[in-house]
Amino acid sequence: MPEVKITAEVRNEFGKGASRRLRRADKLPAVVYGHGADPVHIALPHHGTLMALKTANVLINLDIDGKSHLVIPKAVQRDAVRTGILEHVDLLLVRKGEKVNVDIYVHTEGELAPGGNLLEHVLNALPVEAEATHIPESVTVSIAGLEAGATILAKDIPLPAGTTLNVEDDVVVLQVLAAQAEEAAEDTEGEGGAEA
C-alpha cells in the first residue's frame, strides 16, 4: 500500500468555535494518538485528507513540525448532511513491522445460481490483524453458482500473506437467501380470496 504524505499543523485552540474557524479555512481538526504518547491536536488540509481517505486503511506519512510520523485513520466523522465534508479525524500512530487491528471490506465477484436468490452481507468488513505498512484495502470472494442456504465463513475467505483473522473462524460473512417476496404475495392474495 503506498504512503500518502500530508503536512499537519499543531493546533492550540479547541472547542466548537475553533473547529468551525478551521473548517472555514478549509482545514480539518484531527487528533493523533498511540504508543503511550499524549494526544497531539492537529489541523490537516481538508481536500488532501479527503482524497487520502478514499483509500480504505490508508497509510499516511504525517509531517508535524518537520518530524515524520506514520499513522492510519482510526475514526472519521463526516458531515451528516453535506456529502464530501469531513468533520474530524482520529489518527493512530503506527510503526513499520507493527501489527494493527483493522477492518477490510469484503467484495464479491460472480453471479449466484439462477432462481432469484439474494446475497446477504452479514459482515461488510472483516476484522483482521495486519502489518501497519501492508494493510490490504479489501478481500474478494467468489459467489459464483452459490445456491440458497450457502454460507461463506470467515475462515473461507482467502487473506493476503501476513494478514490473519481477528474474528472467530466460524463467523458468517455472507449467506445466500431464497427469494420469498413472490411467495408471500401469493399467500396474501390467497387469504384475501378466502375471506371474500
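Parameters at a glance
Residues numbered from 1 in each chain as written. Predicted model: local features only at pLDDT ≥ 70, side-chain atom pairs only at ≥ 80, totals over all residues. Heavy atoms only, no water. Pairing = 2+ DSSP bridges. Helix = DSSP H or I, 4+ residues; strand = E, 2+ residues; numbered from the N terminus. Salt bridge = Lys/Arg side-chain N within 4 Å of Asp/Glu carboxyl O. Buried < 20%, exposed > 50% of the residue type's maximum accessible area, 1.4 Å probe, protein only. Axes fitted to C-alpha atoms, helices over the stretch in contact; angles between N-to-C directions. Contact = heavy atoms within 4.5 Å.

Student: Describe the sheet that holds strand 9 (residues 125–131), with residues and values.
Tutor: Taking strand neighbours across the sheet as the criterion, the four strands line up as 10-7-9-12 in an open arrangement whose pairing is mixed. Looking at which strands have only one partner, the edges of the open sheet turn out to be strand 10 (138–142) and strand 12 (164–165). Pairing between strand 7 (residues 99–109) and strand 10: five bridges, direction parallel. In the strand pairing of strand 10, Val106 is matched with Val139.

Student: Give me the pairing of strand 1 (residues 3–10): which residues, what numbers.
Tutor: Inspection of the sheet shows strand 1 paired to strand 4 (residues 59–64) by six bridges, in the parallel sense. By the bridge assignment, Thr7 is partnered in strand 4 with Asp63. The pairing of strand 1 with strand 3 (residues 37–45) spans two bridges and is classified as antiparallel. Following the sheet pairing, Glu9 is matched in strand 3 by Ala43.

Student: Can you tell me about the pattern of salt bridges, naming the residues and giving the values?
Tutor: Overall, the coordinates contain two salt bridges when judged by the stated rule. The partner of Lys27 in a salt bridge is Glu9, with the nearest N and O atoms 2.9 Å apart. Remark: Glu9 occurs in strand 1 and Lys27 occurs in strand 2 (residues 27–34); sequence separation between them is 18 residues. With a relative accessible area of 25%, Lys27 lands in the partly exposed category.

Student: Residue-level account of the sheet that holds strand 3, with values.
Tutor: Read around the closed barrel, the six strands follow the order 1-3-2-6-5-4; overall the barrel is mixed. Averaged over all pairs of adjacent strands, the angle between strand axes in this sheet comes to 45 degrees, irrespective of strand direction. Lying on the sheet, helix 1 (residues 16–24) is in contact with strand 2, strand 3 and strand 6 (86–93); it crosses strand 2 at an angle near 120 degrees.

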